[in-house]
Amino acid sequence: MAPHHRRLISNWLFVLCFMLLGMIAIGGITRLTGSGLSIMDWQPVSGFIPPLSHAEWERLFALYQTIPQYHLQHEGFGLEGFQKIFWAEWIHRFWGRLMGLVLIVPLIWFTIRGMITRGLALRLFLFFILGGLQGAIGWFMVASGFRPDSTAVEPVRLVLHLSAALILYSAVLWTAFSIRWPEPQPSVASAGARLTKKLVWLGTALICLTIIAGGFTAGTHAGFVYNTFPLMDGHLVPTDYANLTPLWLNWVANKAAVQFDHRLLATLTALTIGGILLVGLKNFAPGSRAHSALMALGWAVAIQYALGVTTLLLVVPVWAGTVHQTFAAVLLGVMLYVLHGLRGASAR
(Lines give C-alpha, C1' and ligand atoms only; values in the text may rest on other atoms or scores of the structure.)
Protein backbone atom coordinates (compact mmCIF):
# COMPACT_ATOMS: atom_id res chain seq x y z
CA MET A 1 0.00 0.00 0.00
CA ALA A 2 1.21 3.48 -0.84
CA PRO A 3 2.00 5.70 2.19
CA HIS A 4 -0.75 8.22 1.38
CA HIS A 5 -3.23 5.36 1.01
CA ARG A 6 -2.17 4.05 4.42
CA ARG A 7 -2.91 7.43 6.02
CA LEU A 8 -6.26 7.75 4.25
CA ILE A 9 -7.47 4.25 5.10
CA SER A 10 -6.21 4.30 8.69
CA ASN A 11 -7.94 7.67 9.22
CA TRP A 12 -11.17 6.16 7.87
CA LEU A 13 -10.88 3.28 10.34
CA PHE A 14 -10.12 5.67 13.20
CA VAL A 15 -13.35 7.50 12.33
CA LEU A 16 -15.17 4.16 12.56
CA CYS A 17 -13.62 3.60 16.00
CA PHE A 18 -14.86 7.01 17.16
CA MET A 19 -18.28 6.09 15.87
CA LEU A 20 -18.10 2.85 17.85
CA LEU A 21 -17.29 4.88 20.97
CA GLY A 22 -20.34 7.00 20.17
CA MET A 23 -22.39 3.82 19.85
CA ILE A 24 -21.23 2.67 23.28
CA ALA A 25 -22.13 6.08 24.73
CA ILE A 26 -25.58 6.09 23.15
CA GLY A 27 -26.09 2.55 24.42
CA GLY A 28 -25.28 3.75 27.92
CA ILE A 29 -27.82 6.56 27.68
CA THR A 30 -30.41 4.14 26.34
CA ARG A 31 -29.83 1.73 29.22
CA LEU A 32 -29.74 4.35 31.98
CA THR A 33 -32.90 6.07 30.78
CA GLY A 34 -34.81 2.79 30.45
CA SER A 35 -35.34 3.37 26.73
CA GLY A 36 -34.07 0.08 25.32
CA LEU A 37 -37.45 -1.69 25.23
CA SER A 38 -39.38 1.13 23.57
CA ILE A 39 -39.16 -0.31 20.02
CA MET A 40 -40.97 -3.62 19.83
CA ASP A 41 -39.88 -4.73 16.36
CA TRP A 42 -36.59 -5.17 14.54
CA GLN A 43 -36.50 -3.79 11.00
CA PRO A 44 -32.86 -3.69 9.83
CA VAL A 45 -33.63 -1.75 6.62
CA SER A 46 -36.93 0.11 7.03
CA GLY A 47 -35.93 1.06 10.57
CA PHE A 48 -33.79 3.82 9.03
CA ILE A 49 -37.00 5.86 8.74
CA PRO A 50 -38.55 7.15 11.99
CA PRO A 51 -42.36 7.39 12.50
CA LEU A 52 -43.73 10.03 10.10
CA SER A 53 -47.40 10.12 11.09
CA HIS A 54 -49.48 10.31 14.24
CA ALA A 55 -51.06 6.98 13.35
CA GLU A 56 -47.64 5.31 13.24
CA TRP A 57 -46.75 6.81 16.63
CA GLU A 58 -50.00 5.47 18.06
CA ARG A 59 -49.29 2.02 16.61
CA LEU A 60 -45.82 1.89 18.16
CA PHE A 61 -47.10 3.18 21.48
CA ALA A 62 -49.84 0.54 21.49
CA LEU A 63 -47.18 -2.15 20.97
CA TYR A 64 -45.14 -0.79 23.86
CA GLN A 65 -48.21 -0.88 26.11
CA THR A 66 -48.31 -4.67 25.74
CA ILE A 67 -45.01 -5.33 27.55
CA PRO A 68 -44.46 -5.53 31.32
CA GLN A 69 -42.14 -2.50 31.51
CA TYR A 70 -44.99 -0.17 30.57
CA HIS A 71 -47.34 -1.50 33.23
CA LEU A 72 -44.70 -1.79 35.95
CA GLN A 73 -42.79 1.46 35.36
CA HIS A 74 -44.42 3.80 32.85
CA GLU A 75 -48.16 3.21 32.92
CA GLY A 76 -50.04 6.42 32.23
CA PHE A 77 -47.08 8.47 30.95
CA GLY A 78 -48.77 9.07 27.59
CA LEU A 79 -47.58 9.36 24.01
CA GLU A 80 -45.26 12.27 24.76
CA GLY A 81 -43.42 10.28 27.41
CA PHE A 82 -43.18 7.31 25.06
CA GLN A 83 -41.65 9.49 22.35
CA LYS A 84 -38.86 10.58 24.71
CA ILE A 85 -37.68 7.04 25.37
CA PHE A 86 -38.36 5.99 21.77
CA TRP A 87 -35.94 8.54 20.33
CA ALA A 88 -33.03 7.33 22.49
CA GLU A 89 -33.44 3.75 21.25
CA TRP A 90 -34.11 4.84 17.66
CA ILE A 91 -30.91 6.93 17.59
CA HIS A 92 -28.98 3.95 19.00
CA ARG A 93 -30.21 1.72 16.17
CA PHE A 94 -29.83 4.45 13.53
CA TRP A 95 -26.22 5.03 14.58
CA GLY A 96 -25.49 1.33 14.09
CA ARG A 97 -26.95 1.39 10.58
CA LEU A 98 -24.99 4.55 9.78
CA MET A 99 -21.76 2.86 10.85
CA GLY A 100 -22.55 0.02 8.48
CA LEU A 101 -22.77 2.48 5.60
CA VAL A 102 -19.60 4.31 6.68
CA LEU A 103 -17.82 0.95 6.53
CA ILE A 104 -19.22 -0.71 3.42
CA VAL A 105 -19.42 2.23 0.99
CA PRO A 106 -15.74 3.34 1.27
CA LEU A 107 -14.70 -0.32 1.38
CA ILE A 108 -16.29 -0.95 -2.01
CA TRP A 109 -14.68 2.21 -3.41
CA PHE A 110 -11.20 1.42 -2.06
CA THR A 111 -11.45 -2.16 -3.36
CA ILE A 112 -12.52 -1.08 -6.85
CA ARG A 113 -9.70 1.47 -6.99
CA GLY A 114 -7.14 -1.13 -5.88
CA MET A 115 -6.11 0.96 -2.86
CA ILE A 116 -6.21 -1.97 -0.42
CA THR A 117 -4.97 -5.51 -0.60
CA ARG A 118 -7.33 -8.42 -1.12
CA GLY A 119 -6.61 -9.76 2.36
CA LEU A 120 -7.43 -6.42 3.98
CA ALA A 121 -10.62 -6.10 1.93
CA LEU A 122 -11.76 -9.53 3.14
CA ARG A 123 -10.95 -8.64 6.74
CA LEU A 124 -12.90 -5.39 6.55
CA PHE A 125 -15.85 -7.12 4.93
CA LEU A 126 -15.78 -9.58 7.84
CA PHE A 127 -16.02 -6.58 10.18
CA PHE A 128 -19.14 -5.51 8.26
CA ILE A 129 -20.65 -8.97 8.79
CA LEU A 130 -19.76 -8.83 12.49
CA GLY A 131 -21.44 -5.44 12.73
CA GLY A 132 -24.62 -6.92 11.33
CA LEU A 133 -24.32 -9.80 13.79
CA GLN A 134 -23.98 -7.25 16.58
CA GLY A 135 -27.36 -5.84 15.57
CA ALA A 136 -28.86 -9.31 15.84
CA ILE A 137 -27.28 -9.77 19.28
CA GLY A 138 -28.77 -6.43 20.27
CA TRP A 139 -32.26 -7.63 19.32
CA PHE A 140 -31.61 -10.92 21.15
CA MET A 141 -30.80 -8.81 24.22
CA VAL A 142 -33.84 -6.53 23.87
CA ALA A 143 -36.21 -9.49 23.43
CA SER A 144 -35.29 -10.73 26.91
CA GLY A 145 -36.96 -7.63 28.35
CA PHE A 146 -40.37 -8.56 26.93
CA ARG A 147 -40.82 -11.51 29.29
CA PRO A 148 -43.51 -11.46 32.02
CA ASP A 149 -42.60 -9.28 35.06
CA SER A 150 -39.48 -8.03 33.29
CA THR A 151 -38.58 -4.33 33.17
CA ALA A 152 -35.05 -4.66 31.79
CA VAL A 153 -32.93 -6.94 29.65
CA GLU A 154 -31.12 -9.96 31.06
CA PRO A 155 -27.66 -9.06 32.43
CA VAL A 156 -25.98 -11.97 30.60
CA ARG A 157 -27.36 -10.80 27.26
CA LEU A 158 -26.35 -7.22 28.04
CA VAL A 159 -22.78 -8.38 28.72
CA LEU A 160 -22.81 -10.40 25.49
CA HIS A 161 -23.91 -7.32 23.52
CA LEU A 162 -21.28 -5.09 25.15
CA SER A 163 -18.52 -7.69 24.73
CA ALA A 164 -19.31 -8.15 21.03
CA ALA A 165 -19.14 -4.38 20.54
CA LEU A 166 -15.75 -4.20 22.24
CA ILE A 167 -14.38 -7.12 20.21
CA LEU A 168 -15.37 -5.33 17.00
CA TYR A 169 -13.95 -2.04 18.28
CA SER A 170 -10.65 -3.71 19.21
CA ALA A 171 -10.36 -5.47 15.85
CA VAL A 172 -11.00 -2.29 13.86
CA LEU A 173 -8.63 -0.26 16.04
CA TRP A 174 -5.81 -2.82 15.82
CA THR A 175 -6.24 -2.94 12.05
CA ALA A 176 -6.02 0.86 11.89
CA PHE A 177 -2.84 0.82 13.97
CA SER A 178 -1.29 -1.84 11.75
CA ILE A 179 -2.08 0.08 8.57
CA ARG A 180 -0.71 3.36 9.97
CA TRP A 181 2.40 1.77 11.52
CA PRO A 182 3.07 -1.46 9.58
CA GLU A 183 6.58 -1.99 10.93
CA PRO A 184 7.44 -2.46 14.63
CA GLN A 185 9.43 0.37 16.13
CA PRO A 186 13.02 -0.68 16.83
CA SER A 187 13.44 -1.52 20.50
CA VAL A 188 16.39 -2.55 22.64
CA ALA A 189 15.98 -6.17 23.69
CA SER A 190 16.16 -6.07 27.48
CA ALA A 191 14.68 -7.86 30.46
CA GLY A 192 12.77 -4.67 31.34
CA ALA A 193 11.22 -4.39 27.88
CA ARG A 194 10.17 -8.05 27.95
CA LEU A 195 8.68 -7.65 31.43
CA THR A 196 6.80 -4.55 30.31
CA LYS A 197 5.24 -6.42 27.42
CA LYS A 198 4.16 -9.30 29.70
CA LEU A 199 2.61 -6.82 32.15
CA VAL A 200 0.79 -5.10 29.30
CA TRP A 201 -0.75 -8.41 28.26
CA LEU A 202 -1.83 -8.94 31.87
CA GLY A 203 -3.24 -5.42 32.04
CA THR A 204 -5.17 -5.97 28.81
CA ALA A 205 -6.75 -9.13 30.23
CA LEU A 206 -7.67 -7.32 33.46
CA ILE A 207 -9.27 -4.44 31.57
CA CYS A 208 -11.41 -6.90 29.63
CA LEU A 209 -12.46 -8.72 32.82
CA THR A 210 -13.23 -5.40 34.52
CA ILE A 211 -15.42 -4.32 31.62
CA ILE A 212 -17.30 -7.62 31.74
CA ALA A 213 -17.79 -7.18 35.50
CA GLY A 214 -18.97 -3.63 34.78
CA GLY A 215 -21.52 -5.04 32.36
CA PHE A 216 -22.95 -7.24 35.11
CA THR A 217 -22.89 -4.24 37.46
CA ALA A 218 -24.98 -2.32 34.93
CA GLY A 219 -27.26 -5.24 34.11
CA THR A 220 -28.10 -6.01 37.74
CA HIS A 221 -28.27 -2.29 38.72
CA ALA A 222 -25.63 -3.05 41.35
CA GLY A 223 -24.25 0.48 41.11
CA PHE A 224 -27.31 1.83 42.90
CA VAL A 225 -26.40 0.10 46.18
CA TYR A 226 -23.37 0.41 48.47
CA ASN A 227 -22.71 3.97 47.31
CA THR A 228 -19.67 4.53 49.52
CA PHE A 229 -15.98 4.10 48.83
CA PRO A 230 -13.69 2.35 49.61
CA LEU A 231 -15.83 0.39 52.12
CA MET A 232 -19.16 -1.26 51.36
CA ASP A 233 -21.61 -0.68 54.23
CA GLY A 234 -18.62 -0.37 56.55
CA HIS A 235 -16.93 -3.55 55.33
CA LEU A 236 -14.12 -4.15 52.86
CA VAL A 237 -15.96 -7.27 51.64
CA PRO A 238 -19.77 -7.02 51.88
CA THR A 239 -21.30 -9.40 54.40
CA ASP A 240 -23.81 -10.72 51.85
CA TYR A 241 -21.19 -11.50 49.20
CA ALA A 242 -22.00 -15.23 49.07
CA ASN A 243 -25.74 -15.23 49.77
CA LEU A 244 -26.63 -17.27 46.66
CA THR A 245 -25.87 -20.87 45.89
CA PRO A 246 -24.06 -22.18 43.97
CA LEU A 247 -21.22 -19.73 44.63
CA TRP A 248 -20.72 -18.73 40.97
CA LEU A 249 -24.29 -17.38 40.82
CA ASN A 250 -23.23 -14.54 43.13
CA TRP A 251 -20.82 -13.29 40.44
CA VAL A 252 -23.64 -12.57 37.99
CA ALA A 253 -26.77 -12.07 40.12
CA ASN A 254 -25.84 -10.92 43.64
CA LYS A 255 -25.56 -7.11 43.62
CA ALA A 256 -23.12 -7.05 46.54
CA ALA A 257 -20.80 -9.59 44.92
CA VAL A 258 -21.12 -8.10 41.44
CA GLN A 259 -20.18 -4.61 42.62
CA PHE A 260 -17.34 -5.89 44.83
CA ASP A 261 -15.87 -7.90 41.95
CA HIS A 262 -16.00 -4.84 39.69
CA ARG A 263 -14.26 -2.73 42.34
CA LEU A 264 -11.62 -5.39 42.96
CA LEU A 265 -10.85 -5.93 39.27
CA ALA A 266 -10.68 -2.16 38.66
CA THR A 267 -8.21 -1.77 41.52
CA LEU A 268 -6.09 -4.69 40.31
CA THR A 269 -6.10 -3.14 36.83
CA ALA A 270 -4.97 0.22 38.16
CA LEU A 271 -2.19 -1.37 40.23
CA THR A 272 -1.03 -3.46 37.27
CA ILE A 273 -0.87 -0.39 35.05
CA GLY A 274 1.09 1.35 37.81
CA GLY A 275 3.58 -1.52 37.58
CA ILE A 276 3.68 -1.19 33.80
CA LEU A 277 4.59 2.47 34.13
CA LEU A 278 7.27 1.85 36.77
CA VAL A 279 8.99 -0.74 34.58
CA GLY A 280 8.19 0.57 31.10
CA LEU A 281 9.10 4.24 31.44
CA LYS A 282 12.64 3.24 32.48
CA ASN A 283 13.13 1.05 29.43
CA PHE A 284 11.77 3.17 26.57
CA ALA A 285 13.32 6.47 25.60
CA PRO A 286 11.28 9.68 25.97
CA GLY A 287 9.86 10.68 22.60
CA SER A 288 9.49 7.11 21.38
CA ARG A 289 6.01 5.87 20.50
CA ALA A 290 6.14 3.30 23.29
CA HIS A 291 7.05 5.93 25.90
CA SER A 292 4.30 8.30 24.75
CA ALA A 293 1.78 5.46 24.74
CA LEU A 294 2.71 4.51 28.31
CA MET A 295 2.22 8.10 29.48
CA ALA A 296 -1.21 8.18 27.84
CA LEU A 297 -2.05 4.89 29.55
CA GLY A 298 -1.24 6.34 32.97
CA TRP A 299 -3.55 9.31 32.45
CA ALA A 300 -6.30 7.11 31.01
CA VAL A 301 -6.42 4.69 33.95
CA ALA A 302 -6.40 7.56 36.47
CA ILE A 303 -9.32 9.23 34.70
CA GLN A 304 -11.30 5.98 34.42
CA TYR A 305 -10.79 5.04 38.07
CA ALA A 306 -11.89 8.53 39.15
CA LEU A 307 -14.94 8.28 36.90
CA GLY A 308 -15.86 4.94 38.46
CA VAL A 309 -15.70 6.29 42.01
CA THR A 310 -17.61 9.43 41.00
CA THR A 311 -20.35 7.39 39.33
CA LEU A 312 -20.71 5.24 42.43
CA LEU A 313 -20.77 8.11 44.95
CA LEU A 314 -23.33 10.08 42.89
CA VAL A 315 -25.55 6.97 42.60
CA VAL A 316 -25.14 6.53 38.84
CA PRO A 317 -26.49 9.69 37.21
CA VAL A 318 -26.99 9.26 33.47
CA TRP A 319 -24.09 11.51 32.48
CA ALA A 320 -21.58 9.83 34.80
CA GLY A 321 -22.65 6.29 33.98
CA THR A 322 -22.46 7.03 30.26
CA VAL A 323 -19.01 8.65 30.43
CA HIS A 324 -17.68 5.85 32.66
CA GLN A 325 -18.93 3.16 30.28
CA THR A 326 -17.55 4.95 27.23
CA PHE A 327 -14.18 5.74 28.74
CA ALA A 328 -13.70 2.07 29.56
CA ALA A 329 -13.48 1.51 25.81
CA VAL A 330 -11.08 4.47 25.52
CA LEU A 331 -8.84 2.89 28.18
CA LEU A 332 -8.92 -0.42 26.30
CA GLY A 333 -8.00 1.42 23.11
CA VAL A 334 -5.02 3.11 24.79
CA MET A 335 -3.86 -0.26 26.14
CA LEU A 336 -4.06 -1.73 22.63
CA TYR A 337 -2.03 1.25 21.38
CA VAL A 338 0.63 0.45 24.00
CA LEU A 339 0.61 -3.22 23.03
CA HIS A 340 0.92 -2.35 19.35
CA GLY A 341 3.80 -0.03 20.09
CA LEU A 342 5.66 -2.80 21.94
CA ARG A 343 5.67 -5.22 19.01
CA GLY A 344 9.42 -4.62 18.66
CA ALA A 345 10.11 -5.71 22.24
CA SER A 346 11.15 -9.35 22.29
CA ALA A 347 8.82 -11.61 24.26
CA ARG A 348 11.43 -14.35 24.72
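Read on for an overview of the structure. (Residues numbered from 1 in each chain as written. Predicted model: local features only at pLDDT ≥ 70, side-chain atom pairs only at ≥ 80, totals over all residues. Heavy atoms only, no water.)

### Let's talk about the nonpolar core
Stage number 1. Judged by nonpolar contacts, the single largest core of 58 residues is most densely connected at Trp-12, Leu-13 and Ile-273.
Stage number 2. Going through the elements one at a time, helix 1 (3-32), helix 4 (78-112), helix 5 (118-143), helix 6 (155-180), helix 7 (191-219), helix 9 (255-283), helix 10 (289-313) and helix 11 (318-341) are the ones with two or more residues in this core.
Stage number 3. With 11 residues, the top contributor of residues to this core is helix 1.
Stage number 4. Among residues more than four places away in sequence, those in contact with Trp-12 are Val-102, Leu-103, Pro-106, Leu-107, Phe-110 and Leu-124.
Stage number 5. One finds Met-40, Met-141, Val-142 and Leu-158 within the second-largest nonpolar core, a separate group that totals 19 residues. (Core = buried A, V, L, I, M, F, W, Y, C linked by side-chain atoms within 4.5 Å. Buried < 20%, exposed > 50% of the residue type's maximum accessible area, 1.4 Å probe, protein only. Helix = DSSP H or I, 4+ residues; strand = E, 2+ residues; numbered from the N terminus. Contact = heavy atoms within 4.5 Å.)

### Some thoughts on the packing of helix 7 against helix 9
Stage number 1. Close contact between helix 7 and helix 9 brings their axes to 8 Å; oriented N to C, the two are set at 160°. Accordingly, the angle class assigned to the pair helix 7 and helix 9 is roughly antiparallel. As for the relative orientation of helix 7 and helix 9, their crossing is left-handed in sense.
Stage number 2. Residue classes in the contact of helix 7 with helix 9 are distributed as 17 nonpolar, 13 polar and no charged. (Axes fitted to C-alpha atoms, helices over the stretch in contact; angles between N-to-C directions. Parallel < 35°, antiparallel > 145°, perpendicular 65-115°, else oblique. Left-handed = near helix turned anticlockwise from the far one by under 90°. Nonpolar A, V, L, I, M, F, W, Y, C, P; charged D, E, K, R; others polar.)

### Considerations on the environment of Thr-228
Stage number 1. As for its placement among the helices and strands, Thr-228 is situated in the loop between helix 7 and helix 8 (250-253).
Stage number 2. Look at Thr-228 and you get partly exposed, because its relative accessible area is 38%.
Stage number 3. In this view, Thr-228 contacts Asp-233, Arg-263, Leu-312 and Leu-313; residues no more than four positions away in its chain are not counted.
Stage number 4. Within the structure, Thr-228 has its side chain in polar contact with the backbone oxygen of Leu-231 (distance 2.6 Å). (Polar contact = N/O pair within 3.5 Å; in protein donor to acceptor, adjacent residues only side chain to side chain.)

### Remarks on the environment of Pro-184
Stage number 1. With respect to the element layout, Pro-184 can be found in the loop between helix 6 and helix 7.
Stage number 2. According to the relative accessible area criterion, Pro-184 is partly exposed, its value standing at 38%.
Stage number 3. Remark: the alpha-carbon pair of Pro-184 and Gly-341, spanning 157 residues in sequence, is separated by 7.0 Å.

### Focus on the packing of helix 1 against helix 11
In helix packing, the relevant descriptors are the interaxial angle and the interaxial distance, both defined with respect to the helix axes.
Stage number 1. Direction vectors running N to C along helix 1 and helix 11 enclose 150°, while the axes themselves pass 9 Å from each other. In this view, helix 1 runs roughly antiparallel relative to helix 11, as classed from their interaxial angle. Helix-helix and strand crossings are classified by hand; for helix 1 and helix 11 the assignment is right-handed. Along the contact surface, helix 1 presents Leu-21, Ile-24, Ala-25, Gly-27, Gly-28, Ile-29, Arg-31 and Leu-32, while helix 11 presents Val-318, Gly-321, Thr-322, Gln-325, Thr-326, Ala-329 and Val-330.
Stage number 2. In terms of residue class, the contact of helix 1 with helix 11 is built from 8 nonpolar, 6 polar and 1 charged.

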